[in-house]
Amino acid sequence: MKEIFVAYSRYNRKANAAVFGAVSKMGADQLSHPIKAYYPTIVHTLGHTLRSDIKWLSRLSPFRPSPVPRDAALPFSTGEAIDPAKVAADLPGFLDLRARVDDAIAAAVEAIPEEAFARDFEIEWGSGRIGRVLWQLLMQWFNHQTHHRGQASIQLDELGIENDFSGLLDKIG
């Protein structure tokens, strides 16, 4: 089972690199351009996933302490949301944080012992806690990332920025 989630973490890292490669070419006006979607800008969409991934890394700390502090996204935030103006002011820093988080995700998944994937595991969830078999929780996490990359793809399309990062086979090895 571990092999599957290691592949997911590799895909996640490469797919995010493709998304952020497209974002790296965007100007402040595009980063903050409102687009009718669940999140109002591409920065908000990508920021939501980034903050979620940082939280997930802390949830996996029993297997490997996260090298990314839970407040790592604060320099790019205003209140509870990532701020497009702050991202535009330090886009390289934002891109670097995403890459560090993706590296940490891959390392965290690698650190999980094979037998742990089939064990019950409890995490914080909203204002409470939830318990499931670990592989089910990880599936939720990776599905969440894919869901929001799909939204980001639509937002990039709306901005006229070519993108294609959904292919899996070239990103899992």
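S.K.: So what exactly am I meant to see when it comes to the overall build of the protein chain here?
M.R.: Along the backbone of the protein chain there are 6 helices and 4 strands. Across the protein chain, helices and strands are ordered from the amino to the carboxyl terminus as α-α-α-β-β-α-α-β-β-α. Here the C-alpha radius of gyration of the protein chain, 16 Å, is about what a compact globule of 173 residues would show, namely 16 Å. Its C-alpha atoms put the protein chain at 50 × 35 × 25 Å along the principal axes. Counting over 173 residues, the protein chain shows a buried share of 46%.

S.K.: What am I meant to see in the layout of surface pockets here?
M.R.: Over the atoms a probe the size of a water molecule is rolled, and this reveals where empty space is left. Volume-wise, the largest pocket comes out at about 570 Å³. Residue lining of the largest pocket: 23 residues in total, with His-48, Arg-51, Ser-52, Lys-55 and Glu-80 positioned closest to the centre. Among the elements of the structure, α3 (42-59), β2 (81-82) and α6 (134-158) are those that each provide at least two residues to the lining of the largest pocket. Across the lining of the largest pocket, the residue classes tally to 8 nonpolar, 9 polar and 6 charged.

S.K.: Which parts of the structure should I look at to understand empty space enclosed by the protein?
M.R.: Summed over all chains, the structure comprises 1 cavity of 30 Å³ or more. Estimates place the volume of the largest cavity at around 50 Å³. Asn-16, Phe-20, Thr-45, Leu-46, Thr-49, Arg-98, His-148 and Arg-149 together form the lining of the largest cavity. Of all elements in the fold, only α1 (2-23), α3 and α6 reach the threshold of two or more residues within the lining of the largest cavity. Of the residues in the lining of the largest cavity, the class split is 2 nonpolar, 4 polar and 2 charged.

S.K.: For this particular structure, what's the right way to read the packing of α1 against α6?
M.R.: The description of two packed helices rests on the angle between their axes and on the distance between the axes. Contact geometry of α1 with α6 gives a least axis separation of 11 Å together with a crossing angle of 20°. Regarding the angle of α1 to α6, the classification is roughly parallel. α6 is crossed by α1, and the crossing has left-handed handedness. The segment α1 lies against α6, with Phe-5, Tyr-8, Ser-9, Tyr-11, Asn-12, Ala-15, Asn-16, Val-19 and Ala-22 engaging Trp-135, Leu-138, Met-139, Phe-142, Gln-145, Thr-146, Arg-149 and Leu-156. Residues that form the contact of α1 with α6 fall into these classes: 11 nonpolar, 5 polar and 1 charged.

Cut-offs applied
- Residues numbered from 1 in each chain as written.
- Predicted model: local features only at pLDDT ≥ 70, side-chain atom pairs only at ≥ 80, totals over all residues.
- Heavy atoms only, no water.
- Helix = DSSP H or I, 4+ residues; strand = E, 2+ residues; numbered from the N terminus.
- Rg over C-alpha atoms; globule rule 2.2 N^0.38 Å.
- Buried < 20%, exposed > 50% of the residue type's maximum accessible area, 1.4 Å probe, protein only.
- 1 Å grid on protein atoms, 1.4 Å probe; cavity = no way out; pocket = protein on both sides within 12 Å on 5 of 7 lines; lining within 4 Å.
- Points joined across faces, edges and corners; volume = space filled by probe spheres on them.
- Nonpolar A, V, L, I, M, F, W, Y, C, P; charged D, E, K, R; others polar.
- Axes fitted to C-alpha atoms, helices over the stretch in contact; angles between N-to-C directions.
- Parallel < 35°, antiparallel > 145°, perpendicular 65-115°, else oblique.
- Left-handed = near helix turned anticlockwise from the far one by under 90°.
- Contact = heavy atoms within 4.5 Å.

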